[in-house]
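# Observations on chain architecture
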Amino acid sequence: MKLEKILDKMGSIEKNSFIKIIDTIISKNPKQIKEINTILSSTDKGLKSVDNQNISKIFALSENEFQEHIKCEFQEITSQLDILIDIIIRDGNCIMKQDWFSRLYETEVKQLKNKIKGLNADFEDDKSELSILRKRDYKIYKSCLHTAYNNDIANNREAKVSSDELSIILTLSKQLGLSQEEIKLINYSILPIKKLDIQDVIKGLKNIGVIFFSNKENTIYVADEMVRILRNIREKEVGEKFYRRTLKLLREPIINQICRDHNIDRKLNYSEKIEEIIKEGVSFTNLLLEGIYKTGSTLTEKKKTLNELCEKGLNISSLKGSTLDEKISSLIEYFDIVERDEKVGISLDGFDKLLSELNQSLPKLNKQIKDQFELQEEYVLKADFLLDYNIKPRDILDLIVKDDLTKFIKDNGVKQRGDDILNILEHYKDVENLYLENYENVAYRNLNLLKENGIIIKESELGQKFEELTKTIFTSLGFNADDAFKNKLNTKKDMMDILLNLGNDEIIIVECKTSKERGYNKFSSVSRQLKSYQNLALKNNLRIVKILLVAPEFSDDFVTDCEMDTEMNLSLITASTLSNIFDFFKTSKHKEFPHVLFRDIVINEERILKALSK
């Protein structure tokens, strides 16, 4: 969930810790202070009076400074910040109830203690699967950390690791090629680990600004923007879903080689080994620099392998850079852009339809997704719900094994030649057109016909859907459906559905009405509504070229009342007429619909189609 959306949910007290930290950063003149001051210049009451959209912008401008602020917190070695951050940056953990977070934390500490026991046993066992070289690396790191932590005791001071010592230890861990999980295990084999009170944990994370906690909902929120910062701090260059997507392209012997290098059980199945590599925090860069190639591969061979992985496997046509490092940086940058992009890849309706049909073909998928992303809800295959967790269609499909994907493709008539996942995404891209084809059924609120045509929607959502489709049609006709201008004009009392901005202070107002009943006949109520919109526009010195009312159909009385009205320049257009005009317009030579054709009381379809054909 984006930071702005989370801030909208929070009360002023719940935002307070985060605002204080940003305020402190601003007071120290960050690198982009000029841009920040430009945003703050609109208010004289400081950051607290700035709206949530601008707070998000200021945060984006001060991300580097915020990252340094968090890094400083790692010097408090008893805070268990590494454990806690590794939990909240995992895909699916950006929204959690307190009890669910408590359960995940408790499980993490328990697993960590068990792994430490296993690691200590491996140190003592000459027959362990740990290679001599890896055991040597572990011992070097452990000895250095032990000295850094305990050397204060000799000087009668409290045992701790200073910032200078921490910097050296981190450099050492990089040179030894240790994963984040390996570092964590060795760290907590020296430093005492105990389960902290969950209230103290939440308070601590909130005070350093990395989470928001809603007291009303008893829920933790971690912004998408914050997750990216925390991942950088933990040196996890890409999100888990992108790491998984890359690893799934590697042959099992290569996966086994990575597991051997990082003390991961090679007896696990292929998918489980991939998940363990991700969880281990193995460096994505180091993996692509050294870990995925045959022993003795030349630099040219490595570049060729990486190019093939990206072009044929990930469908990325060209990576920037000539060196291996530059190509890897380019790939990481590509994944970052994809993650920041709010587009889903298919329409929201397409995502819902995909999830619904996946659930029908693969009944166990709901539990698999729930477990994979550690989600608390029982039924999770809902587009809006998953998008709040930044889980997109491709992320779901990446988790489905080949046999299940093949079954789903056959069950749902998806194209079988080529890349399975891309074929599925393409197949469900067209749902918006399916809705447009059923535009009249939406107008009539005909749920049964919609269901028969493959559209599942709640009756309560039909009005909003009709408005969205109407806006799509007018936009496709070449009009500027100006939401920003409409929202600026609208008041709590008067809220237009669609405003078409013609420029030069000229507008068309469009009102949308759905109805199960044949013959829409509520002229008195709708005319009051339209006149209030008209007055609102006139107060703002706008010229209303036309007011259009779109409905499934109109009664004779309604048409008569409209003809007798002398105050508004109102025209009526049925859903079927607008749909037919739209279909005809797509094949006409016109790039923009001539709005002067909207001149009748009841728009005459035949006359308009004839005019468009000229």
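Criteria and cut-off values
Residues numbered from 1 in each chain as written. Predicted model: local features only at pLDDT ≥ 70, side-chain atom pairs only at ≥ 80, totals over all residues. Heavy atoms only, no water. Pairing = 2+ DSSP bridges. Helix = DSSP H or I, 4+ residues; strand = E, 2+ residues; numbered from the N terminus. Axes fitted to C-alpha atoms, helices over the stretch in contact; angles between N-to-C directions. 1 Å grid on protein atoms, 1.4 Å probe; cavity = no way out; pocket = protein on both sides within 12 Å on 5 of 7 lines; lining within 4 Å. Points joined across faces, edges and corners; volume = space filled by probe spheres on them. Core = buried A, V, L, I, M, F, W, Y, C linked by side-chain atoms within 4.5 Å. Buried < 20%, exposed > 50% of the residue type's maximum accessible area, 1.4 Å probe, protein only. Contact = heavy atoms within 4.5 Å. Parallel < 35°, antiparallel > 145°, perpendicular 65-115°, else oblique. Left-handed = near helix turned anticlockwise from the far one by under 90°. Nonpolar A, V, L, I, M, F, W, Y, C, P; charged D, E, K, R; others polar. Phe/Tyr/Trp six-rings, centres within 6.5 Å; stacked < 30°, edge-to-face > 60°. Lys NZ or Arg CZ within 6 Å of the ring centre and 35° of its normal. pLDDT = per-residue confidence, 0-100. Salt bridge = Lys/Arg side-chain N within 4 Å of Asp/Glu carboxyl O.

With antiparallel pairing, three strands are arranged side by side in an open sheet as E1-E3-E2. Of all strands in the sheet, those bounded by a partner on one side alone are strand E1 (95-97) and strand E2 (212-214). Shown here is a sheet whose adjacent strand axes are inclined to one another by a mean of 25°, direction ignored. Summarising the sheet, E1 and strand E3 (residues 219-221) pair through three bridges and their orientation is antiparallel. Its bridge partner lying in E3, Met96 is registered against Ile220.

This part covers empty space enclosed by the protein. Empty space among the atoms becomes visible once a probe the size of a water molecule is rolled across them. Summed over the entire model, instances satisfying the criterion amount to two cavities of 30 Å³ or more. Within this model, the largest cavity holds a volume of roughly 130 Å³. With four residues, the single largest contributor to the lining of the largest cavity is helix H12 (residues 224-233). Approximately 30 Å³ is the volume found for the second largest cavity.

Ranked by size, the top nonpolar core spans 108 residues in total, and within it Phe18, Phe66 and Phe101 carry the most contacts. At nine residues, helix H7 (residues 98-124) tops the list of elements feeding residues into this core. In this view, Phe18 contacts Leu3, Ile55, Phe59, Phe66, Gly209, Phe212 and Met226; residues no more than four positions away in its chain are not counted. Core analysis: the second largest hydrophobic core is formed by 39 residues, Leu462, Leu469, Ile498 and Val510 among them.

With their axes 10 Å apart at the nearest point, helix H5 (residues 63-73) and H12 run at an angle of 55° to one another. Of the possible angle classes, the one that applies to H5 and H12 is oblique. For the element pair H5 and H12, the recorded crossing hand is right-handed. Within the contact between the two elements, H5 uses Glu63, Phe66, Gln67, Ile70 and Lys71 and H12 uses Glu225, Met226, Ile229, Leu230, Asn232 and Ile233. For the contact of H5 with H12, the per-class residue count stands at six nonpolar, two polar and three charged.

Let us look at the pairing of strand E7 (residues 570-574). Of all five residues in E7, five are buried, a share of seventy percent or more. Covered by surrounding structure in E7 are Leu570, Leu572 and Thr574 together with Ser571 and Ile573, the residues of both alternating faces.

The next subject is the environment of Lys113. By the secondary structure assignment, Lys113 is in helix H7. With a relative accessible area of 37%, Lys113 lands in the partly exposed category. A sequence separation of 72 residues divides Lys113 from Leu185, and the C-alpha atoms of the two residues are 8.4 Å apart.

This next bit is on helix H4 (residues 52-61). Three or four residues apart is the spacing at which side chains of an α-helix point the same way, because the helix has 3.6 residues per turn. Counting buried positions along H4 yields seven of 10 residues, so the element is predominantly enclosed. All of the buried residues in H4 are Asn52, Asn54, Ile55, Ser56, Ile58, Phe59 and Leu61. At its buried positions, H4 is contacted by helix H1 (3-9), helix H2 (12-27), helix H3 (33-40), H5 and H12.

Another aspect to go through is the sheet that holds E7. Spatially, E4-E5-E6-E7 is the arrangement adopted by the four strands of the open sheet, whose pairing is mixed. Of all the strands in the sheet, just strand E4 (498-503) and E7 have a single pairing partner and so form its edges. Sheet twist, expressed as the average angle between the axes of neighbouring strands with direction ignored, equals 20°. Where strand E6 (residues 543-551) meets E7, five bridges bridge the pair, whose relative direction is parallel.

Summed over all chains, the structure comprises 17 aromatic pairs. Residues Phe18 and Phe59 carry aromatic rings whose centres are separated by 5.5 Å and whose planes lie at 50° to one another, so their mutual orientation is tilted. Residue Phe18 is located in helix H2, and its partner Phe59 is located in helix H4; the two are separated by 41 residues in the primary sequence. When its relative accessible area of 2% is taken as the criterion, Phe18 is described as buried. Among the residues examined, Phe59 registers a relative accessible area of 2% and is labelled buried. Ring centres of Tyr439 and Phe466 lie 4.9 Å apart, and the angle between their planes is 25°; this geometry places the pair in the stacked category. In this pair, Tyr439 sits in helix H26 (residues 439-443) while Phe466 sits in helix H28 (residues 462-476), placing the two residues 27 residues apart along the sequence. By relative accessible area, which is 0% here, Tyr439 ends up buried. Taken together, the ring pairs connect Phe242, Tyr243, Phe284, Tyr334 and Phe335 into an aromatic cluster. In this structure, Lys382 packs its charged tip against the face of Phe385, placed 5.2 Å from the ring centre. Positioned above the aromatic ring of Tyr435 is the side chain of Lys465, whose terminal nitrogen or guanidinium carbon lies 4.5 Å from the ring centre.

So, on to the confidence of the model for the protein chain. Residue-level pLDDT values for the protein chain average 87, and 97% of them are 70 or greater. Element-level mean pLDDT values for the protein chain span from 77 in helix H27 (residues 447-452) up to 95 in strand E5 (residues 506-512).

Another aspect to go through is the pattern of salt bridges. Enumeration according to the criterion identifies 38 salt bridges in this entry. The partner of Arg231 in a salt bridge is Glu339, with the nearest N and O atoms 2.5 Å apart. Separated by 108 residues along the polypeptide, Arg231 in helix H12 and Glu339 in helix H18 (residues 324-340) bring together distant segments of the chain. Pair check on accessibility: Arg231 and Glu339 agree, each one buried. Lys471 is the salt-bridge partner of Asp483, the closest N and O atoms lying 2.6 Å from each other. Residue Asp483 is found in helix H29 (residues 483-489), and its partner Lys471 is found in helix H28; the two are separated by 12 residues along the sequence. A single salt-bridge network, built from bridges that share partners, covers Asp86, Arg90, Glu108, Lys115, Glu181, Lys184, Arg234, Lys236 and Glu374.

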